[in-house]
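Architecture at a glance
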Amino acid sequence: MKYAAIVLTNQKNPLSSVDYQSVTDAFLSGGVFLDETIILPYDAPSAVSGHITRLSEDHDGIFIVCDGVLADLARKTVDELPVSGGKFEGVLKETREHIFGVIPAGEEGAKTVSSEVVPRIDRRRNQRYCRVVLGVAAASDERIQRALSFAERAAEGKLFLHARGEYGLTRIEAVYNRETPKMIADEVVRVLASELREYLFTVNGETLPSRLVDALKLRRMKISTAESFTGGGVGGAIVSVPGASAVFYEGINAYDVRAKRARLGVSEFTIQNKGAVSDETAYEMAAGLITGGNCDLAIATTGVAGPDSDGSGTPAGTCYIAVGTKSRIRVFRYDLIGNRETVTKTAINFALFHAYEEIK
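Residues numbered from 1 in each chain as written. Predicted model: local features only at pLDDT ≥ 70, side-chain atom pairs only at ≥ 80, totals over all residues. Heavy atoms only, no water.

1. As for the overall build of the chain
Going by this rule: By definition, any uninterrupted DSSP run of H or I lasting at least four residues is a helix, any uninterrupted run of E lasting at least two residues is a strand, and each is numbered from the N terminus. Categorising residues by exposure relies on relative accessible area from a 1.4 Å probe, with only protein chains included: less than 20% of the type maximum marks a residue as buried, more than 50% marks it as exposed, and the intermediate range marks it as partly exposed. In what follows, residue pairs with any heavy atoms lying within 4.5 Å of each other are defined as contacts. Note that accessible areas follow from Shrake-Rupley with a 1.4 Å probe, and for residues the cover is restricted to the protein chains shown. Counting rule for charge: Lys and Arg are taken as positive, Asp and Glu as negative, and neither His nor the chain ends is counted. All charge positions are set by atom: Lys at NZ, Arg at CZ, Asp at CG, Glu at CD.
Looking only at helices and strands, one finds 12 helices and 14 strands in the chain. For the chain, the residues scored as buried account for 51% of the 360 residues in total. If you take every contact in the chain between residues at least 6 apart in sequence, the share linking residues at least 24 apart comes to 69%. For the chain, the computed accessible surface area is about 17,200 Å², with 48% contributed by carbon and sulfur atoms. One way to put it: in the chain the 42 positive side-chain charges average out to a point 5 Å from where the 46 negative ones average out.

2. Details of the pattern of salt bridges
Going by this rule: Whenever a carboxyl oxygen of Asp or Glu lies within 4 Å of a side-chain nitrogen of Lys or Arg, that contact is scored as a salt bridge.
Under the criterion given, the structure shown has 25 salt bridges. A salt bridge links aspartate 58 to lysine 2; the shortest N-O distance between them is 3.6 Å. Here lysine 2 lies in the segment before strand S1 (3–9) and aspartate 58 lies in the loop between helix H2 (45–55) and strand S3 (61–66), a separation of 56 residues in the sequence.

3. A word on the sheet that holds strand S5 (residues 99–104)
In a beta sheet, neighbouring strands pair by backbone hydrogen bonds and run either parallel or antiparallel. The test is simple: Strands pair, by our definition, only if DSSP identifies at least two bridges between them. With axes taken as lines fitted to C-alpha atoms, and helix axes fitted only over the stretch in contact, angles between N-to-C directions fall between 0 and 180 degrees.
On the basis of which strands lie adjacent, the open sheet formed by 5 strands has the order S2-S1-S3-S5-S4 and mixed pairing. The open sheet terminates on both sides in strands that have one partner only, identified here as strand S2 (34–41) and strand S4 (92–94). Going from strand to strand, the sheet's axes swing by 15° on average, the running direction of each strand aside. Contacts from helix H4 (residues 106–125) reach S1, S3, S4 and S5 within the one sheet, and its direction differs from that of S5 by about 165°.

4. Here's the deal with the packing of aromatic side chains
Filter applied, for reference: Under the pairing criterion, centres of Phe, Tyr and Trp rings, with the six-membered ring standing for Trp, must be within 6.5 Å; the plane angle then separates stacked pairs below 30 degrees from edge-to-face pairs above 60, leaving the rest tilted.
Applying the stated criterion to the full structure yields 4 aromatic pairs. On the numbers, 4.8 Å between centres and 55° between planes, the contact of phenylalanine 33 with phenylalanine 160 is tilted. Of this pair, phenylalanine 33 sits in the loop between helix H1 (21–29) and S2 while phenylalanine 160 sits in strand S7 (residues 160–166); the two residues are 127 residues apart in sequence, bridging distant segments of the chain. Taking the relative accessible area as the measure of exposure, phenylalanine 33 reaches 33% and is therefore partly exposed.

5. Re the pairing of S3
Along any regular strand the residues' side chains alternate between the sheet's two faces. With respect to burial, S3 is a largely interior element, 6 of its 6 residues being buried. Burial along S3 is two-sided: the residues Gly61, Phe63 and Val65 and Ile62, Ile64 and Cys66 are all buried. Here S1 pairs with S3 via 5 bridges, running parallel. The residue bridging alanine 5 from the neighbouring strand is phenylalanine 63, located in S3. Taken together, the 6 bridges between S3 and S5 define a ladder with parallel strand orientation. Its bridge partner lying in S5, isoleucine 64 is registered against valine 102.

6. Some thoughts on unusual backbone geometry
In this structure, proline 307 follows glycine 306 across a cis peptide bond, with omega equal to 10°. The residue proline 307 is located in the loop between strand S12 (297–303) and strand S13 (318–324) in this model. Non-glycine residue alanine 138 carries a positive phi angle of around 65°. In this fold, alanine 138 is placed in the loop between strand S6 (129–137) and helix H5 (141–155). The phi dihedral of tyrosine 167 falls on the positive side, at around 55°, and the residue is not glycine. One can find tyrosine 167 in the loop between S7 and strand S8 (169–177).

Below, the structure is given as structure tokens:
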């Protein structure tokens with residue numbers, strides 16, 4: 001069976017964009033492989049109609065992805081086609097030969113694909129797909145591509161691999177149907193886990209914050225955070241996990257150097273001679289949490305989120321992440337590339353991963 005997507009966008013507005021990547025990823029996660037993806041302007045209904053008519057000749061499913069305000073227009077375009085027939089029920093319209101869909105863009109659309117569209121397609125093709133989801137942090141693109149290459153060989157063409165990275169995290173999905181020999185699926189997962197072992201935090205699809213919280217609960221440990229450029233994002237990610245209050249002691253946002261000295265015990269000598277953004281400051285921030293005696297694991301972040309330097313000559317994107325227990329404190333330096341949001345969110349994920357690595 002073949003499937004295709006048409007993305008409606010406002011090409012007259014160069015600042016306008018449609019998040020269709022998460023929707024197409026959701027199709028792939030469900031074992032629905034889009035043979036063709038076409039981007040068209042929303043105000044060209046004749047072009048949309050023409051492509052649907054063409055695609056219907058050899059495709060079983062055609063899905064329009066668009067922002068919610070265009071959904072009625074998209075459904076009307078499909079309804080007026082002689083090849084469609086029937087009527088929409090929710091986001092889908094089915095005939096004997098085809099399934100049509102009008103799906104919202106973004107995460108809402110991704111959830112719709114997973115919960116409504118893929119199950120309907122599975123019933124039509126009498127096939128159900130399984131998947132194994134691996135989570136990887138701080139791995140280079142080259143390392144991930146190498147692991148995928150080895151896994152592809154192990155798959156022998158009987159299993160589909162899909163990887164998507166964002167903010168320092170990569171989600172790798174191995175998708176296969178019930179006819180795939182279990183030995184092959186297990187070998188693919190083994191290869192991926194072996195090649196990426198130092199970056200791997202899950203083979204069951206859990207989020208990084210949930211893995212950290214579970215590890216803390218298992219070891220009956222408390223965690224505290226001291227953040228100087230991630231704006232409480234590290235602590236916020238932890239407490240977003242249900243039940244995190246059992247392991248989260250406190251979070252301190254200490255941006256001003258006076259706060260670093262008063263709340264965390266960072267020395268005046270360190271601030272004056274090493275700077276607020278330095279491995280020494282990150283170390284002392286984490287040490288201040290640990291010596292307080294109320295937590296077993298500490299995370300500290302300091303850096304320059306950008307877009308400009310902090311005036312000391314430290315480039316934007318420079319960050320230090322300290323993670324430690326009563327036994328040791330380690331500091332990691334990263335020179336991150338991207339806008340302020342990218343730098344901040346990536347640093348948050350790296351901090352969570354190093355904390356998980358410390359106690360896993």
